[in-house]
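One letter stands for each residue in the lines below.
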Amino acid sequence: MSSRKKKYDSKRLQQIINQLSGEIDADADQIFPAYIIKGEGHMWCYSPTAKTMVRVLRGSKAFLLQEPEGEKELAMAFVPYEIIDIDIDELEEIGYN
């Protein structure tokens with residue numbers, strides 16, 4: 001992971017939360033595709049907002065907040081109630097469910 005502090009777009013996060021609650025604005029910039037975390041059981045991911053490791057259930061729905069910029073970078077994703085850094089290979093796009 002790079003030494004720079006990773007930030008996310010709070011407007012994008014608010015649009016994702018609205019999308020999850022079913023309140024999609026007509027003037028929204030875009031609709032974000034959903035991803036699912038591959039596998040079964042639990043995994044541990046770093047949460048940059050909590051600054052600690054959090055346990056995440058595999059099979060959970062996730063939304064990308066920031067895509068990885070390099071090969072070794074992690075993607076920043078929103079899973080219910082947490083913002084996590086996760087390897088993009090652990091995510092599978094399921095579209096606009």
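The structure under discussion appears in the preceding block.
What you are looking at is a predicted structure, and each value in this text was computed from that prediction instead of being measured.

Participant: Tell me what's going on with the overall build of the protein chain, and back it up with residues and numbers.
Facilitator: Summing up its helical and strand segments, the protein chain has 1 helix and 7 strands in all. Of all 97 residues assigned to the protein chain, the portion counted as buried reaches 35%. Restricting to contacts in the protein chain with at least 6 residues of sequence separation, those with at least 24 account for 54%. As presented, the protein chain carries roughly 6,400 Å² of accessible surface, and 47% of it is formed by carbon and sulfur atoms.

Participant: Talk me through the pattern of salt bridges; I want residue IDs and the actual numbers.
Facilitator: Considering all chains together, one arrives at 1 salt bridge under this definition. With a closest N to O distance of 2.7 Å, Glu90 and Arg58 form a salt bridge. On the criterion of sequence distance, the pair formed by Glu90 in the loop between β6 (82–86) and β7 (91–95) and Arg58 in the loop between β3 (52–57) and β4 (61–66) is long-range, its members being 32 residues apart. Residue Glu90 is classed as partly exposed on the basis of its relative accessible area, which comes to 23%.

Participant: Describe in detail unusual backbone geometry, supporting the description with residues and values.
Facilitator: One non-glycine residue, Lys51, adopts positive backbone phi at about 55°. As for its position among the elements, Lys51 is in the loop between β2 (42–47) and β3. In this structure Lys51 comes out as exposed when scored by relative accessible area, which is 62%. Of note in the backbone geometry, Tyr81 takes a positive phi value of approximately 75° without being a glycine. Note on placement: Tyr81 falls in the loop between β5 (75–79) and β6. Classification of Tyr81 by relative accessible area gives exposed; the value is 78%.

Participant: Describe in detail the environment of Leu65, supporting the description with residues and values.
Facilitator: Here Leu65 lies in strand β4. The exposure class of Leu65 is buried, given its relative accessible area of 5%. For the pair Leu65 and Ala77, spaced 12 residues apart in sequence, the C-alpha separation works out to 5.1 Å. Residues within four places of Leu65 in sequence aside, it is in contact with Tyr8, Arg12, Leu13, Ile16, Met76, Ala77, Phe78 and Ile83.

Calculation notes
- Residues numbered from 1 in each chain as written.
- Predicted model: local features only at pLDDT ≥ 70, side-chain atom pairs only at ≥ 80, totals over all residues.
- Heavy atoms only, no water.
- Helix = DSSP H or I, 4+ residues; strand = E, 2+ residues; numbered from the N terminus.
- Buried < 20%, exposed > 50% of the residue type's maximum accessible area, 1.4 Å probe, protein only.
- Contact = heavy atoms within 4.5 Å.
- Areas by Shrake-Rupley, 256 points an atom, 1.4 Å probe, with all protein chains shown as cover.
- Salt bridge = Lys/Arg side-chain N within 4 Å of Asp/Glu carboxyl O.

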